[in-house]
Amino acid sequence: WDDYYDAAGRNFKSDVSFDDGTRTLTEYDVDDLAIWEQHILNYDSNGALILEQYIPDGGGPPINMPPIILSGSTASFAENGTGVVYQVIANDDGTGGTTLGYALAGTDAALFNIDSTTGAVTFKNAPNYEAPGDAGGNNLYDIIVTATDGTLSNSRNVAVTVTNVNAAPVIT
């Protein structure tokens with residue numbers, strides 16, 4: 001337990017507990033022992049944050065928190081290929097809406113599609129390593145993926161690298 005004072009000079013205590021990957025921060029009013037708030041953070045086995053909940057005033061309805069994007073910030077994709085280039089993986093506390101939606105922006109976003117319900121990102125046209133289509137002309141495509149719960153959103157910059165494929169020579 002740690003003692004703290006808020007801006008009004010009221011004394012409160014803070015307690016942090018851990019249980020199977022969940023860290024709960026609970027703040028108590030020292031004078032009447034009422035729970036002020038709980039902030040619950042869930043982590044995976046590698047210590048990455050996977051879910052966040054905030055419950056005000058000791059048990060009121062949870063306050064909506066933005067989705068957490070779990071997928072990485074880079075992807076590689078072989079030239080001339082088709083299929084999913086990058087998969088947005090996100091988690092939400094469930095208070096903003098029933099399902100997550102996905103959107104795409106960024107310098108090279110016009111070259112991609114995103115499935116707004118699954119978060120699957122694909123090239124509109126198969127990329128060609130020898131003729132880069134990205135803004136920098138270096139086969140490094142810059143996009144921004146966004147996950148939204150209908151009220152709040154979170155975004156991640158993603159760099160997609162198109163790799164060269166050693167194609168068999170064509171004899172004419």
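These numbers were taken from a predicted model, which means no experiment stands behind them.

Draft legend 1. Here's a closer look at the overall build of the chain. Secondary structure assignment for the chain yields zero helices and 14 strands. For the chain, restricting intrachain contacts to residue pairs at least 6 apart in sequence, the fraction spanning at least 24 positions comes to 43%. Accessible surface, the chain as shown: approximately 9,900 Å² in total, 51% of it carbon and sulfur.

Draft legend 2. Representation of unusual backbone geometry within the structure. The phi angle at Asn-80 is positive, at roughly 65°, despite the residue not being glycine. Inspection of the secondary structure puts Asn-80 in the loop between strand 7 (74-78) and strand 8 (84-87). The phi angle at Asn-139 is positive, at roughly 65°, despite the residue not being glycine.

Draft legend 3. Structural detail: the nonpolar core. Core analysis: the largest hydrophobic core is formed by 19 residues, its most contacted members being Phe-112, Phe-123 and Val-160. Put simply, the parts of the chain that give this core at least two residues each are strand 7, strand 8, strand 12 (120-123), strand 13 (140-148) and strand 14 (153-163). Sort the elements by how many residues they give to this core and strand 13 lands first, with four residues. Apart from the residues lying within four places of it in its own chain, the contact partners of Phe-123 are Phe-77, Val-85, Leu-111, Phe-112, Tyr-141, Val-160 and Val-162.

Draft legend 4. Highlighting the sheet that holds strand 10 (residues 101-105). Spatial ordering of the open sheet is given by 7-14-13-10, a layout of four strands whose pairing is mixed. Each edge of the sheet is formed by a strand with only one pairing partner; in this case those strands are strand 7 and strand 10. Ignoring which end each strand starts from, the neighbouring axes of this sheet average 30° apart. Bridge analysis of strand 10 against strand 13 gives five bridges, and the strand direction is antiparallel. Counterpart to Ala-103 in the pairing with strand 13 is Thr-146.

Draft legend 5. Structural view of the sheet that holds strand 8. The strand order across the open sheet built from three strands is 8-12-11, with neighbouring strands paired in antiparallel fashion. Two strands close off the open sheet at either side, each with one partner strand: strand 8 and strand 11 (112-114). On average, each strand axis in the sheet is inclined to that of its neighbour by 25°, with strand direction left out of account. As paired elements, strand 8 and strand 12 share three bridges and run antiparallel to each other. When the bridges of strand 12 are listed, Val-84 appears paired with Thr-122.

Thresholds, definitions, all that
- Each residue is numbered by its place in its chain's sequence as written, counting from 1.
- pLDDT decides what is reported in this predicted model: residues at 70 or higher carry local features, side-chain atom pairs at 80 or more are listed and counted, and totals for whole chains, interfaces and linings draw on all residues regardless.
- To obtain the side-chain values, all non-hydrogen atoms of the structure were included, while hydrogens and water were left out.
- Helix and strand labels come from DSSP, where a helix needs a run of H or I of at least four residues and a strand needs a run of E of at least two; each type is numbered from the N terminus.
- Only heavy atoms enter the contact rule, under which two residues are in contact if any of them lie within 4.5 Å.
- The Shrake-Rupley method, run with a 1.4 Å probe, gives the accessible areas here. Residue values count only the displayed protein chains as cover.
- By nonpolar core we mean a set of buried residues, namely Ala, Val, Leu, Ile, Met, Phe, Trp, Tyr and Cys, connected to one another through side-chain atoms within 4.5 Å.
- Relative accessibility thresholds used throughout: buried, under 20% of the residue-type maximum; exposed, over 50%; partly exposed, between the two (1.4 Å probe, protein chains only).
- Between any two strands, at least two bridges found by DSSP are needed for them to pair.
- The angle between two axes is taken between their N-to-C directions and runs from 0 to 180 degrees, where each axis is a line fitted to C-alpha atoms and a helix contributes only its stretch in contact.

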